[in-house]
Amino acid sequence: MPSPGKSKWAGVLRTPVGVSAATLLAAVLLLAVVAPLLWSDEAAAVDTGQILRGPSAEHWMGTDGLGRDVFHRVLVATGLSVGLALLATAIGVLTGLLLGAAPILLGARAGRVVSAMVNIAVAFPGLLLALFFAVVFGVGASGAVLAIGFALAPAFARLTQTLVAKVSGLDYVAAARIAGLGRVRLLARHVLPNVAEPLVVNATVAAGSALLAFAGLSFLGLGVQAPAYDWGRLLADGLAGLYIHPAAALAPGTAVVVAGLAFNLFGEAIAKGVGLRSAPVVFRRRDRDEPVAPAPAGEDRRSVLAVENLRVTFPGGTAPVRGVSFALRRGESVGIVGESGSGKTLTALAVAQLIEEPGEVTADRLEFRGQPLHELPDRTRQQLLGTSFAMVFQDPMTSFNPTQRIGRQLAEVSEQHHGLGRRQALDRAIDRLQAVRVPAAARRAKQFPHEFSGGMRQRAMIGMGMMGSPALIVADEPTTALDVTVQRQVLRLLQSVRAADDVAILLISHDITVVRRFCERVLVMYAGRIVEDLPAADLPARARHPYTRALLAAVPDMSTELERPLAVIPGRPVDPARVPVGCAFAARCPFADEQCRGADPPLVADREGRRVACWHADVTGGRPMMAEEVRVGE
Amino acid sequence: MTALLSGARTLRGLAGNTWLHFAARRLVRLLISVWVLVTAAFLMIHLIPGDPVRAALGLTASPELVAERRAALGHDEPLWLQYVHYLGGLFSGDAGTSVTSGLPVSRVIGDRLPATVELAGFAFVVAVVAVVVAVPLGVAMAVLTRGGRRRRTELSFTSTSVVLGAVPEFLLAVGLVYVFGVRLGWVPVAGRSGLVSYALPVLALAAGPAAVLARLLRVETLAVLHADYIRTARAKRLPGRIVYLRHALPNAVTATITVGGLLLGAMVAGTVLVENVFAWPGLGTTIVESILAKDYPLVQGIVLVYGTGVLLVNLAVDIALALLDPRSTIKES
């Protein structure tokens with residue numbers, strides 16, 4: 001069995017860029033070894049009858065000032081150019097590694113001094129460092145190797161520092177240190193293997209830079225000295241005769257660019273191969289009519305949202321939302337629960353018209369405040385949604401623009417949709433921040449998101465939704481990223497907004513207890529469909545779908561026996577790319593039989609308006625489900 | 001007195017403590033960096049194996065001459081005293097005397113510096129203009145090619161910018177000289193005479209950074225377009241132009257400025273090579289001449305000038321970042 005490491009490296013060769021870069025690099029390396037052995041004599045042969053001639057059949061790229069063949073000289077120079085570059089890279093990597101590992105090798109205090117020096121050195125461009133060291137080590141090939149090596153070192157030291165800092169935080173490295181493992185052995189056995197991969201990738205790219213830098217130093221006359229020659233030396237010689245004989249300068253120049261590019265591209269190809277290892281997602285087409293349940297009639301004026309047979313599809317036929325129907329009235333609070341991947345967030349985004357290409361939303365009916373969203377002209381729709389449809393997202397840390405003041409981000413809603421001026425809009429924003437109980441709102445409005453705590457940000461986000469006069473707030477996991485006490489405050493705030501302004505709330509959550517406490521009605525989603533729709537008050541006793549009851553059983557409460565393992569729902573959620581025939585939950589359901597595996601149960605409503613999609617709803621209903629029962633399907 | 005106090009308080013309230021902290025921290029870092037630079041320049045000569053004076057004068061020089069010159073340069077004094085003299089000299093504007101020309105180093109630098117500053121300045125302006133042009137280009141490329149659309153457009157854009165970014169400026173310079181100087185004869189191939197002579201060196205310096213920045217901007221914009229706050233902006237039903245210009249652009253630009261600062265620092269160093277291709281009468285040709293002639297006081301002086309230039313560029317970048325992205329004022333780096 002190939003180790004994961006090997007297959008990763010092989011993966012690099014599967015991309016077209018990776019293959020061409022590897023081929024190019026192999027050719028350059030081969031030439032570097034072979035050319036000096038094969039053609040040194042041709043390259044050195046002086047022909048005084050053919051001085052500074054242009055390209056001919058005999059001399060493909062002409063001759064230089066002593067009548068020597070330029071083409072062969074460029075080939076032979078590969079050896080010295082590449083060899084010296086690799087040597088310099090090796091010096092740079094080693095020195096950098098030692099400097100970067102200084103905190104481990106020398107102890108904390110000396111390590112800090114070294115780190116500070118490295119941080120200053122790294123701010124200077126490599127070429128300046130190389131010039132500095134070239135002065136110290138003297139003009140010539142060996143001086144240039146050391147100069148470029150040391151010039152590369154700070155960057156590698158910095159890289160090593162970062163990597164080592166990451167690794168030494170790991171438990172087993174800390175354990176090894178406590179166990180009294182020597183510093184050098186700690187470095188060699190635990191740290192190096194972990195940082196080797198990024199170091200190799202960067203060393204490859206650095207070898208390209210070293211090659212270019214060496215050409216630069218030699219070109220300036222500070223590197224390889226005559227009679228030895230590398231590409232930079234040839235370039236400097238050729239540049240003098242650029243008017244009469246351009247090939248003598250262009251040929252070594254091209255060689256430098258090609259070789260440098262080979263190292264760079266190969267390095268980047270490995271970096272990509274190492275970084276991105278996700279297998280290509282295979283989509284499977286499914287064409288099957290979904291059973292559609294009619295939404296409960298809600299044709300009154302208080303209708304906020306009416307959704308029928310909502311579907312979200314992605315190219316390749318994946319349908320993470322497969323025919324969802326529900327309705328919301330003014331002031332109503334409805335929760336959607338389900339595991340991740342059940343399609344609850346996509347349902348919310350689809351309703352909000354925020355599904356991005358290439359995703360596609362279709363519905364038999366999608367009305368907001370009685371207006372068919374799909375048929376409205378763009379401008380009208382944006383105006384309608386902008387003023388009366390509010391969204392609260394899961395992660396308040398990332399949902400605000402970090403470069404803009406909070407007040408400004410609220411104000412722009414009113415500037416856009418209510419035609420308010422800057423000043424007025426900001427006043428409105430401060431007023432709204434006060435309404436969501438952000439203390440010192442006027443001062444807070446001038447702050448940036450990173451100056452707000454998570455809970456405060458979520459309040460501000462709700463305030464942003466209240467810049468207009470919302471009829472609906474869609475809150476997608478609004479409390480998941482917050483700690484428990486703050487969670488309660490945010491939910492209480494949403495509740496009070498609902499009560500005060502008769503706003504409907506659609507709360508998306510994976511946590512059935514939150515939804516049960518907060519909402520009047522609960523929609524349970526599984527594999528892109530609603531499997532049960534019932535009043536929150538009916539939970540847990542009157543839940544009929546086995547999935548709903550499994551969700552409830554998985555919640556530990558005060559009566560949960562501590563000795564027993566926590567209940568879990570066995571199996572894994574359905575992959576939207578491969579939804580099985582029949583009931584999607586069948587594979588994880590203790591009650592599943594042939595009928596379940598053969599046909600998907602329709603979502604049927606009973607006399608009270610409760611809906612459920614299960615062939616055995618009447619059998620399983622009313623009986624509390626035990627944790628063991630949940631685990632039966634494993 | 002109370003008025004003064006309350007004034008100070010409002011000032012602090014206005015600027016915010018984070019800004020003061022940032023400014024103080026940044027200043028300390030600049031001073032330490034300058035000190036390290038000066039010390040390194042001083043030590044450079046003493047790190048050279050053998051006697052720098054003997055090296056400068058050559059093997060044929062008589063021992064008496066070497067001893068005399070050593071004494072004149074103060075090389076017989078203990079190291080710490082030389083260091084003190086060196087620092088004192090720098091503070092009074094005396095950076096030593098050029099060995100080859102006998103002129104004060106400060107005067108040689110003063111003569112040559114303007115040509116280099118002009119070159120780097122022009123290149124910087126051109127690169128900035130190019131990037132300002134490249135910003136919409138990069139963003140447009142990101143918008144056009146996101147989600148794997150228009151593979152061919154993306155490939156040609158990426159490969160062009162990769163190749164342009166990988167060709168070092170002095171090789172680009174040689175190519176430009178060949179095409180525009182030798183083949184087409186539009187511009188002089190060397191020297192500094194008239195505005196036309198600036199065209200090629202400036203282009204050689206600016207092309208690479210501009211290409212790299214355009215590519216980076218595309219990648220950054222792609223990442224930013226997937227950010228949560230862009231979804232928030234869309235949820236506010238803002239028109240596309242506001243979403244892209246007010247919410248996507250400033251965030252995509254911060255990373256670009258960071259890298260742009262590094263490239264700009266590298267550009268200062270790149271002038272050394274480009275000046276030598278074009279025989280430009282600036283600091284770059286001078287430093288190479290003085291290294292080859294072992295004129296160490298002059299090398300020292302020029303190293304200080306380049307180093308300070310890079311430090312100032314870094315400072316400017318940090319300030320620009322702080323203005324654009326307020327988070328960077330609190331980031332510890």
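Cut-offs used in this document
- Residues numbered from 1 in each chain as written.
- Chains lettered and ligands numbered in written order.
- Predicted model: local features only at pLDDT ≥ 70, side-chain atom pairs only at ≥ 80, totals over all residues.
- Heavy atoms only, no water.
- Helix = DSSP H or I, 4+ residues; strand = E, 2+ residues; numbered from the N terminus.
- Buried < 20%, exposed > 50% of the residue type's maximum accessible area, 1.4 Å probe, protein only.
- Contact = heavy atoms within 4.5 Å.
- Areas by Shrake-Rupley, 256 points an atom, 1.4 Å probe, with all protein chains shown as cover.
- Domains from an automatic or database assignment.
- Lys, Arg positive; Asp, Glu negative; His and termini not counted.
- Salt bridge = Lys/Arg side-chain N within 4 Å of Asp/Glu carboxyl O.
- Polar contact = N/O pair within 3.5 Å; in protein donor to acceptor, adjacent residues only side chain to side chain.
- pLDDT = per-residue confidence, 0-100.
- Core = buried A, V, L, I, M, F, W, Y, C linked by side-chain atoms within 4.5 Å.
- 1 Å grid on protein atoms, 1.4 Å probe; cavity = no way out; pocket = protein on both sides within 12 Å on 5 of 7 lines; lining within 4 Å.
- Points joined across faces, edges and corners; volume = space filled by probe spheres on them.
- Nonpolar A, V, L, I, M, F, W, Y, C, P; charged D, E, K, R; others polar.
- Pairing = 2+ DSSP bridges.
- Axes fitted to C-alpha atoms, helices over the stretch in contact; angles between N-to-C directions.
- Buried area = accessible area lost by both parts, 1.4 Å probe.
- Parallel < 35°, antiparallel > 145°, perpendicular 65-115°, else oblique.
- Disulfide = S-S within 2.5 Å.
- Left-handed = near helix turned anticlockwise from the far one by under 90°.
- Patch = residues over 30% accessible without salt bridge, like charges linked within 9 Å, V, L, I, M, F, W, Y side chains within 5 Å.
- Charge placed at Lys NZ, Arg CZ, Asp CG, Glu CD.

### Regarding the overall build of chain A
Now for step 1: Each helix and strand in chain A was counted, giving 23 helices and 13 strands.
Now for step 2: Within the span of chain A, comprising 634 residues, buried residues form 52% of the whole.
Now for step 3: When contacts within chain A are restricted to residue pairs at least 6 apart in sequence, those whose partners lie at least 24 apart make up 67%.
Now for step 4: Entry remark: accessible area of chain A is about 28700 Å², with carbon and sulfur atoms responsible for 59%.

### Let's talk about the domain arrangement of chain A
Now for step 1: Taken as a whole, chain A is organised into domain 1 (73–274), domain 2 (281–405 + 452–519) and domain 3 (535–634).
Now for step 2: The centre of domain 1 of chain A, based on its C-alpha atoms, is set 53 Å off from the matching centre of domain 2 of chain A.

### What to know about the side chain of Arg 237 of chain B
Now for step 1: Along the chain, the position of Arg 237 of chain B falls in the loop between α10 (228–235) and α11 (240–277).
Now for step 2: Despite being buried, Arg 237 of chain B has no salt bridge partner; Asp 378 of chain A is the closest side chain of opposite charge, sitting 10 Å away.
Now for step 3: A polar contact is formed between the side chain of Arg 237 of chain B and the backbone oxygen of Ala 235 of chain B, at a distance of 3.2 Å.
Now for step 4: Discounting chain neighbours no more than four positions away, the residues touching Arg 237 of chain B are Ala 352, Gln 353, Leu 354, Gln 382, Leu 385, Gly 386, Phe 389, Gln 416 and His 417 of chain A.

### With respect to the confidence of the model for chain A
All names here are of chain A.
Now for step 1: On average, residues of chain A score 81 in pLDDT, and 87% of them reach the 70 mark or higher.
Now for step 2: Segment residues 1–5: pLDDT under 50, and 1 contact once partners within four positions in sequence are set aside and those in other chains are kept.
Now for step 3: Long-range and interchain partners of residues 621–634, a stretch whose pLDDT sits below 50, account for 32 contacts in this model, where long-range means more than four residues apart.

### What to know about the nonpolar core
Now for step 1: Counting 141 residues, the largest nonpolar core has Ile 148, Phe 219 and Trp 231 of chain A together with Phe 170, Val 277, Ile 287 and Tyr 306 of chain B as the members making the most contacts within it.
Now for step 2: Here this core takes 17 residues from helix α9 (residues 183–220) of chain A, the largest share from any one element.
Now for step 3: Residues in contact with Tyr 306 of chain B, not counting those within four places in the same chain, are Leu 128 of chain A together with Thr 116, Val 268, Thr 271, Val 272, Leu 283, Gly 284 and Ile 287 of chain B.
Now for step 4: Counting 65 residues, the second-largest nonpolar core is a separate cluster that includes Ala 460, Ile 462, Val 522 and Phe 585 of chain A.

### Describing the layout of surface pockets
Now for step 1: Each pocket or cavity is described by its volume, and for the second largest pocket that value is around 1200 Å³.
Now for step 2: Every residue lining the second largest pocket is counted, 36 residues in all, and those nearest its centre are Gln 353, Leu 354, Ile 355 and Glu 356 of chain A together with Arg 234 of chain B.
Now for step 3: When contributions to the lining of the second largest pocket are tallied by element, the ones reaching two or more residues are α12 (344–351), α13 (378–388) and α14 (406–417) of chain A together with α10 and α11 of chain B.
Now for step 4: Of the residues in the lining of the second largest pocket, the class split is 14 nonpolar, 10 polar and 12 charged.

### Focus: the sheet that holds strand β10 (residues 521–526) of chain A
Residue and element names in this part refer to chain A.
Now for step 1: Reading across the sheet, the 8 strands line up as β7-β8-β9-β3-β10-β11-β13-β12 and stay open at both edges, with mixed pairing between neighbours. The sheet terminates laterally at β7 (389–392) and β12 (604–605), the two strands that pair on one side only.
Now for step 2: In terms of strand pairing, strand β8 (residues 472–476) meets strand β9 (residues 504–509) through 5 bridges, oriented parallel. Bridging across to β9, Val 474 finds its partner in Leu 506.
Now for step 3: Set on the sheet, α13 makes contact with β7 and β8; between it and β7 the angle comes to about 60°.

### Here's the deal with empty space enclosed by the protein
Now for step 1: Under the definition given, this model contains 7 cavities of 30 Å³ or more.
Now for step 2: Lining the largest cavity are 15 residues; nearest its centre among them are Ala 390, Met 464 and Gly 465 of chain A together with Ala 235 and Lys 236 of chain B.
Now for step 3: Contributing elements (two or more residues each) for the lining of the largest cavity: α13, β7 and α17 (454–465) of chain A together with α10 of chain B.
Now for step 4: The class makeup of the residues in the lining of the largest cavity is 9 nonpolar, 5 polar and 1 charged.

### Quick notes on the environment of Gly 49 of chain A
Residues and elements named next belong to chain A.
Now for step 1: Within the fold, Gly 49 resides in the loop between α2 (16–44) and α3 (70–100).
Now for step 2: Look at Gly 49 and you get partly exposed, because its relative accessible area is 48%.
Now for step 3: A sequence separation of 18 residues divides Gly 49 from Gly 67, and the C-alpha atoms of the two residues are 7.0 Å apart.

### Overview of the interface of chain A and chain B
Now for step 1: Counting from both sides, the interface comprises 64 residues of chain A and, opposite them, 66 residues of chain B.
Now for step 2: A combined buried area of about 5700 Å² lies between chain A and chain B, and 72% of that area is made up of carbon and sulfur atoms.
Now for step 3: Counting across the chain A and chain B interface gives 3 salt bridges.
Now for step 4: Here Glu 412 of chain A ties to Arg 246 of chain B by a salt bridge, and the two come within 2.5 Å at their closest N and O atoms.
Now for step 5: On the surface where chain A and chain B come into contact, there are 13 residue pairs in polar contact (both at pLDDT 80 or more).

### Looking at the packing of α11 of chain B against helix α13 (residues 296–324) of chain B
All names here are of chain B.
Now for step 1: Taken N-terminus to C-terminus, the directions of α11 and α13 make an angle of 170°; their axes are 10 Å apart at the nearest point. In terms of orientation, α11 lies roughly antiparallel with respect to α13. Note on element contacts: α13 touches α11 through Tyr 306, Val 310, Val 313, Val 317, Leu 321 and Leu 324, opposite Pro 250, Val 253, Thr 254, Ile 257, Thr 258, Gly 261, Leu 264, Gly 265, Val 268, Thr 271 and Val 272.
Now for step 2: Of the residues contributing to the contact of α11 with α13, the split by class is 12 nonpolar, 5 polar and no charged.

### Structural notes on the pattern of salt bridges
All names here are of chain A.
Now for step 1: Counted under the stated rule, the structure contains 27 salt bridges over all chains.
Now for step 2: With its nearest N and O atoms 3.0 Å apart, the salt bridge here joins Arg 365 to Glu 308. Taken as a pair, Arg 365 in strand β5 (residues 365–368) and Glu 308 in strand β1 (residues 303–314) lie far apart in primary sequence, 57 residues in all.
Now for step 3: Put simply, Arg 521 and Asp 533 hold a salt bridge, and the shortest N to O gap is 3.1 Å. Here Arg 521, found in strand β10, pairs with Asp 533, found in strand β11 (residues 529–535); they are 12 residues apart in sequence, far enough to count as distant.
Now for step 4: Its relative accessible area of 1% is what places Asp 533 among the buried residues.
Now for step 5: By sharing partners, the salt bridges in this structure join Asp 538, Arg 542, Arg 544, Asp 606, Glu 608 and Arg 610 into a single network.

### Looking at the state of the cysteines
All names here are of chain A.
Now for step 1: Summed over the entire model, instances satisfying the criterion amount to 0 disulfides over all chains.
Now for step 2: As a non-bridged cysteine, Cys 614 has Cys 589 as the owner of its nearest cysteine sulfur, 6.2 Å distant.
Now for step 3: Since its relative accessible area comes to 16%, Cys 614 is described here as buried.

### Quick look at the packing of α9 of chain A against α11 of chain B
Now for step 1: The contact between α9 of chain A and α11 of chain B brings their axes to 10 Å, and the two run at 45°. The orientation of α9 of chain A with respect to α11 of chain B, classified from their angle, is oblique. The two elements α9 of chain A and α11 of chain B cross, and the hand of that crossing is left-handed. Here α9 of chain A contributes Gly 216, Phe 219 and Leu 220 of chain A to the contact with α11 of chain B, which in turn contributes Val 272, Leu 273, Asn 276 and Val 277 of chain B.

### A look at the pairing of strand β3 (residues 333–337) of chain A
Residues and elements named next belong to chain A.
Now for step 1: Burial analysis of β3 places 5 of its 5 residues in the buried class, the great majority of the element.
Now for step 2: Covered by surrounding structure in β3 are Ser 333, Gly 335 and Val 337 together with Val 334 and Ile 336, the residues of both alternating faces.
Now for step 3: Bridge count for β3 against β9 is 5 bridges, and the pairing is parallel. Each residue of the ladder has a partner; that of Val 337, found in β9, is Ser 509.
Now for step 4: Both β3 and β10 contribute to a ladder of 4 bridges, which runs parallel. Bridged to Val 334 within β10 is Arg 521.

### A word on a positive patch on the surface
All names here are of chain A.
Now for step 1: Residues Arg 437, Arg 488, Arg 492, Arg 516 and Arg 517 make up a contiguous surface patch of positive charge.
Now for step 2: Mapped onto the positive patch, the elements with two or more residues apiece are α18 (484–501) and α19 (512–518).
Now for step 3: Within the fold, Arg 488 resides in helix α18.

### Details of the pairing of β1 of chain A
Residues and elements named next belong to chain A.
Now for step 1: Of the strand pairs in this sheet, β1 and strand β2 (residues 318–329) are connected by 8 bridges, and their pairing is antiparallel. Counterpart to Arg 311 in the pairing with β2 is Arg 322.
Now for step 2: Following β1, the chain reverses through 3 residues before pairing antiparallel with β2; Gly 316 in that reversal takes a positive phi of roughly 95°.
Now for step 3: Strand direction decides the pairing type here: β1 and β5, joined by 4 bridges, are antiparallel.

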